[in-house]
Amino acid sequence: VYACTPYNSYGTAGESRPTRVLLKDPPAFVVPPKQEYFQEVGRELVIPCTAHGDPPPTVTWVKVGSPGQSGARVDGNSSLIFRPLIKEQHGLWECTATNAVASISTTTSVHVLGTSPHAVTNVSVLPLLLAANISWEPGFDGGYFQRFSVWYTPLVKHPPRAHHDWVSLSVPVGSQHLLVENLQPDTSYQFSVLAQNKLGSGPFSQIVTSVPRGFPVTTVPPEPPAMTMRIFLSPPQALTANETVRGVLLQWEPPAQFSVALSGYALELRQDKGGWEVLDRSIPSTKTQVLVPGLIKDAFYEFRLVAFAGSYISDPSNTVNVSTAGMEVYPSRTQLPELLPQPVLAGVIGGICFLSVAIIFSTMAACIMNRRRAARIQKRRQDPPLVFSP
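Predicted model, so just to flag it, every value in this text is computed and none were measured.

It is worth spelling out a nonpolar patch on the surface at this point. A surface patch of nonpolar side chains, amounting to about 420 Å² of accessible area, comprises Val 357, Ile 360, Phe 361 and Met 364. Counting through the fold element by element, Ile 360 comes out in helix H1 (residues 342–382).

Below, the discussion takes up the side chain of Gln 39. The residue Gln 39 is located in strand E2 (residues 36–40) in this model. You can call Gln 39 buried: its relative accessible area is 18%. At 3.2 Å, the side chain of Gln 39 and the backbone oxygen of Glu 44 are in polar contact. In this structure Gln 39 touches Glu 44, Leu 45, Leu 85, His 111, Val 112 and Leu 113, once residues within four positions along its chain are discounted.

Right, let's talk about the environment of Gly 264 for a bit. Structurally, the position occupied by Gly 264 is in strand E20 (residues 264–271). Taking relative accessible area as the criterion, Gly 264 reaches 0% and is therefore assigned buried. Excluding residues that lie within four positions of it along the chain, Gly 264 makes contacts with Ile 283, Pro 284, Ser 285, Val 306, Ala 307 and Phe 308.

Of the strand pairs in this sheet, strand E18 (residues 237–244) and strand E19 (residues 247–253) are connected by six bridges, and their pairing is antiparallel. When the bridges of E19 are listed, Thr 244 appears paired with Gly 247. Linking E18 back to E19 in an antiparallel pair, the connection comprises two residues.

Parameters and conventions
Residues numbered from 1 in each chain as written. Predicted model: local features only at pLDDT ≥ 70, side-chain atom pairs only at ≥ 80, totals over all residues. Heavy atoms only, no water. Patch = residues over 30% accessible without salt bridge, like charges linked within 9 Å, V, L, I, M, F, W, Y side chains within 5 Å. Areas by Shrake-Rupley, 256 points an atom, 1.4 Å probe, with all protein chains shown as cover. Salt bridge = Lys/Arg side-chain N within 4 Å of Asp/Glu carboxyl O. Helix = DSSP H or I, 4+ residues; strand = E, 2+ residues; numbered from the N terminus. Buried < 20%, exposed > 50% of the residue type's maximum accessible area, 1.4 Å probe, protein only. Polar contact = N/O pair within 3.5 Å; in protein donor to acceptor, adjacent residues only side chain to side chain. Contact = heavy atoms within 4.5 Å. Pairing = 2+ DSSP bridges.

Structure follows, in structure tokens:
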């Protein structure tokens, strides 16, 4: 209980009425959720989130960007329960603890594995001369390697039929952009991107409309002869690899010398001393690290990096070696296609074993029959001939 007594040079009129001060504690998380969770579709997933405070806080869950809880429920311990886990529950979830003093929140990412891929986002179209460059950001791959295709169609004022004919183009592996050429000038086109994995196709992306540029009508003066310029582009430096809970994290330093602006990097790998393959050719020039999840267990990998500036490509960087023996590996959007699924491989091995056993039994049966036949012939030769007397 507190009271206030004012004073001045003439004295005081007395103290104020007493007031009571109550001390309360803001909420604090006791068991916060982890940064991310991975679980197969159709399974159960429980995410804890408990907090304390004075007065005791109220804990709520919400899916970021979606109203409600998308079919999930909260138990008496404030844990978020998915039973069963479905594809639509993939995404960012927020846990909030609130009392009369304050409100705090934390987020966690839920990755639903074993589904078709999610739709790509941030589709953009750059109109060029009789062409268009389409780029996008991939959605979650559902735990399997995914491929992309670009679909487009012209918008005609008076189409000959009631519907448009869409044309699809396959996107090279590891690329997140595609140049669509041979378009009609000054004609509106609609573009969309589709993602696919071994379980099927995801939803189409949003449709973007763009108009390719035509040839200019004005006369352009000829360009002056280009001056010969020597280009310096050294390779990326100090490439290192570190194991994390999500995969292998590669880090590097930019090239020490380059006379033109960097366009980006390309990541190459090879497995068990095989041939080099391009894993990702669209790493931005501003990045100095990249995460490589989804490697095959109990394998040996080598990684190297090249830089490019326009049409110029540097020499490869130093090579780093990564062994996945005993490493816990999650499926990912960047993993290479599997050679054979495990059920198919098991069926092939079983068929080979069955065929081998059948051949062995057939050979043994033939040998036994030949021996019996030879014994009968030998016995006939040893028996004395029958003599008939008149």
